[in-house]
Amino acid sequence: MGSFATRGEHRPLAVRQVSPTRSHANKRYLVLGGAGGAGKAAAALLAAEGASVVIGDVREQALNEAIADLNKDGGKTSAVVVDLGNAGSIAAAIEQAEQRLGGIDGLVNCAAIVRHVDPLETPWTDWERVFAINVFGAFEASRLVGKAMIAKGIKGAIVNVASEAGKKGHTQSLAYSASKAAMINFTRVLSEVLAPNDINVNCVCPGGMATDMLREVAVAYGDLVKQAPDDVFEQLISSQLRRHIDPVEVARTISFLLSDDAMIIRGQSINTDGGDTPY
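Residues numbered from 1 in each chain as written. Predicted model: local features only at pLDDT ≥ 70, side-chain atom pairs only at ≥ 80, totals over all residues. Heavy atoms only, no water.

Student: What is the right way to read the overall build of the chain from this model?
Tutor: Each helix and strand in the chain was counted, giving nine helices and seven strands. Relative to its length of 279 residues, the chain is compact, with a C-alpha radius of gyration of 18 Å against a globular reference of 19 Å. For the chain, the spread of C-alpha atoms along the three principal axes comes to 55 × 45 × 35 Å. In the chain, buried positions account for 47% of the 279 residues. Total accessible area on the chain stands at roughly 14,000 Å², and carbon and sulfur atoms take up 53% of it. The positive charge centre, built from 27 side chains, and the negative charge centre, built from 31, are 6 Å apart in the chain. (Helix = DSSP H or I, 4+ residues; strand = E, 2+ residues; numbered from the N terminus. Rg over C-alpha atoms; globule rule 2.2 N^0.38 Å. Buried < 20%, exposed > 50% of the residue type's maximum accessible area, 1.4 Å probe, protein only. Areas by Shrake-Rupley, 256 points an atom, 1.4 Å probe, with all protein chains shown as cover. Lys, Arg positive; Asp, Glu negative; His and termini not counted. Charge placed at Lys NZ, Arg CZ, Asp CG, Glu CD.)

Quick look at the structure:
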């Protein structure tokens, strides 16, 4: 069915400038997938809000560049190389982060990969790799951080970064969409499991965020529809904001969900896609 509108187009809404508070003073966070996108934005915001932060990523060069940028004004964010597709690597990274921070008050699971292919041609290996990182790795990190927090009696929070694709699904990235749906589900269950230990668990579901991953999407879709990737990228915007979502806007929601202010928001998948997902 088509659509009919009686209201015309409006100008893109500006990204609102918000002054960081000290809401995370003396907190200690591990941000996985912290070398770019929402992960890096979250690390920067949490540090500005008073937290000590360790970022983890498999891309060592990008990790070094992110640290240089995050610490250019005298910050003390540090980094660990971690492969979310390897359980041993995850355990080692969490152990390093704990040693550096003296404990972990919260985790942000932002690392993910996507594969673009005709759904009927999705190879078995794509399913294995996408789920290994987006689901198994993210859950393993959540499990280990949760146990570490329990062992030290730390009350905190875990925020998983899912996607609107986990709710709506996209035909050309079926494995990715399914992996994010799985993340939404394990977030719900883990929230109940960790509730007795006063550890809150939620996830955010971004969409149309101006990141390298969205540019990968634009390239893949451009090939399919025979359009220039830049032209496709410009179309992947929020219908209400009329622009791409800035990673810092998603970071603000992540920051809130890590805070004590979000205690009654539990096991939820919060849409951070500019209003495009209706549930």
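Structure's up, so let's keep going.
Student: I keep staring at helix α1 (residues 37–48) and nothing clicks. Help me out?
Tutor: Owing to its 3.6 residues per turn, the α-helix aligns residues three or four sequence positions apart on the same side. Relative to the 16 Å expected for 12 residues at 1.5 Å per residue, α1 spans 17 Å between its end C-alpha atoms, a close match to the ideal helical length. For α1, the complete set of buried residues consists of Ala 38, Gly 39, Ala 41, Ala 42, Ala 43, Leu 45 and Leu 46. Lining the buried residues of α1 we find β1 (28–32), β2 (52–57), α2 (60–70), β4 (106–109) and α9 (247–258). Residue Gly 50 follows α1 closely and has a positive phi angle near 105 degrees. (Expected span 1.5 Å × (residues − 1). Contact = heavy atoms within 4.5 Å.)

Student: I tried to follow the packing of helix α4 (residues 124–151) against helix α6 (residues 174–194) on my own but got confused; where do I start?
Tutor: Axis angle and axis distance: for two packed helices, these are the angle between their axes and the distance between the axes, and together they describe the pair. Their axes nearest at 9 Å, the elements α4 and α6 cross at an angle of 15 degrees. The angle between α4 and α6 falls in the class roughly parallel. Crossing handedness for the pair α4 and α6: right-handed. Across the interface between the two elements, Trp 127, Val 130, Phe 131, Asn 134, Val 135, Ala 138, Phe 139, Ser 142 and Ile 150 of α4 pack against Leu 174, Ala 175, Tyr 176, Ala 178, Ser 179, Lys 180, Ala 182, Met 183, Phe 186, Leu 190 and Leu 194 of α6. (Axes fitted to C-alpha atoms, helices over the stretch in contact; angles between N-to-C directions. Parallel < 35°, antiparallel > 145°, perpendicular 65-115°, else oblique. Left-handed = near helix turned anticlockwise from the far one by under 90°.)

Student: Looking at this structure, I do not really get the nonpolar core. What am I missing?
Tutor: Side chains that are nonpolar tend, in soluble globular proteins, to be buried together. Counting 31 residues, the largest nonpolar core has Leu 46, Ile 55, Val 108, Ile 254 and Leu 258 as the members making the most contacts within it. Of all the secondary structure elements, the ones that give two or more residues to this core are β1, α1, β2, α2, β5 (156–161) and α9. Considering each element in turn, this core owes the most residues, six residues, to α1. In this view, Leu 258 contacts His 24, Tyr 29, Leu 46, Gly 106, Leu 107, Val 108, Ala 157 and Val 159; residues no more than four positions away in its chain are not counted. (Core = buried A, V, L, I, M, F, W, Y, C linked by side-chain atoms within 4.5 Å.)

Student: Could you clarify how one ought to interpret the pattern of salt bridges in this entry?
Tutor: Close approach of charged atoms allows side chains with opposite charge to pair. One pass over the full model with this rule turns up 11 salt bridges. Arg 59 serves as the salt-bridge partner of Asp 57, at 2.9 Å between the closest nitrogen and oxygen. For Arg 129, the salt bridge identified is with Asp 83, shortest N-O distance 3.9 Å. Of this pair, Arg 129 sits in helix α4 while Asp 83 is found in the loop between β3 (78–81) and α3 (87–101), placing the two residues 46 residues apart along the sequence. A residue is classified by how much of its surface remains accessible, and Asp 83, at 24% relative accessible area, is partly exposed. One network of salt bridges, in which partners are shared, links Lys 40, Asp 69 and Lys 72. (Salt bridge = Lys/Arg side-chain N within 4 Å of Asp/Glu carboxyl O.)

Student: How should the sheet that holds β5 be read in this particular structure?
Tutor: The strands making up a sheet associate through hydrogen bonds between their backbones, and the pairing can be parallel or antiparallel. In space, the seven strands of this open sheet follow the order β3-β2-β1-β4-β5-β6-β7, with parallel pairing throughout. The open sheet has two edge strands, β3 and β7 (269–272), and neither has a second partner. Here the average twist between neighbouring strands, direction ignored, is 20 degrees. Summarising the sheet, β1 and β4 pair through four bridges and their orientation is parallel. The partner of Leu 32 across the bridge, within β4, is Asn 109. Contacts from α4 reach β1, β4, β5 and β6 (199–206), with the element oriented near 175 degrees to β4. Here α9 sits on the sheet and contacts β1, β4, β5, β6 and β7; the angle it forms with β6, its principal contact strand, is near 165 degrees. (Pairing = 2+ DSSP bridges.)

Student: It is not clear to me how the state of the cysteines should be interpreted in this structure. Could you clarify?
Tutor: Put plainly, two cysteines are in a disulfide when a covalent bond ties their sulfur atoms together. Applying the stated rule across the entire model yields zero disulfides. This cysteine, Cys 110, is not joined by any disulfide, and Cys 203 carries the nearest cysteine sulfur, 12 Å off. Considering cysteine sulfurs only, Cys 203 is the nearest to Cys 205, which forms no disulfide, with 4.5 Å between them. (Disulfide = S-S within 2.5 Å.)

Student: Just checking my understanding: could you explain α4 for this structure?
Tutor: With 28 residues, α4 extends 38 Å between its outermost C-alpha atoms, agreeing within 8% with the 40 Å of an ideal straight helix rising 1.5 Å per residue. Along α4, the sharpest change in direction is near 45 degrees and occurs at Ala 132. (Bend = angle between axes of the 7 residues up to and from the residue.)

Student: For this particular structure, what's the right way to read the environment of Ala 151?
Tutor: Of note, Ala 151 is situated in helix α4. Looking at Ala 151, the relative accessible area reads 68%, which means it is exposed. Spatially, the C-alpha atoms of Ala 151 and Ala 87 are 20 Å apart, while their sequence positions differ by 64 residues.

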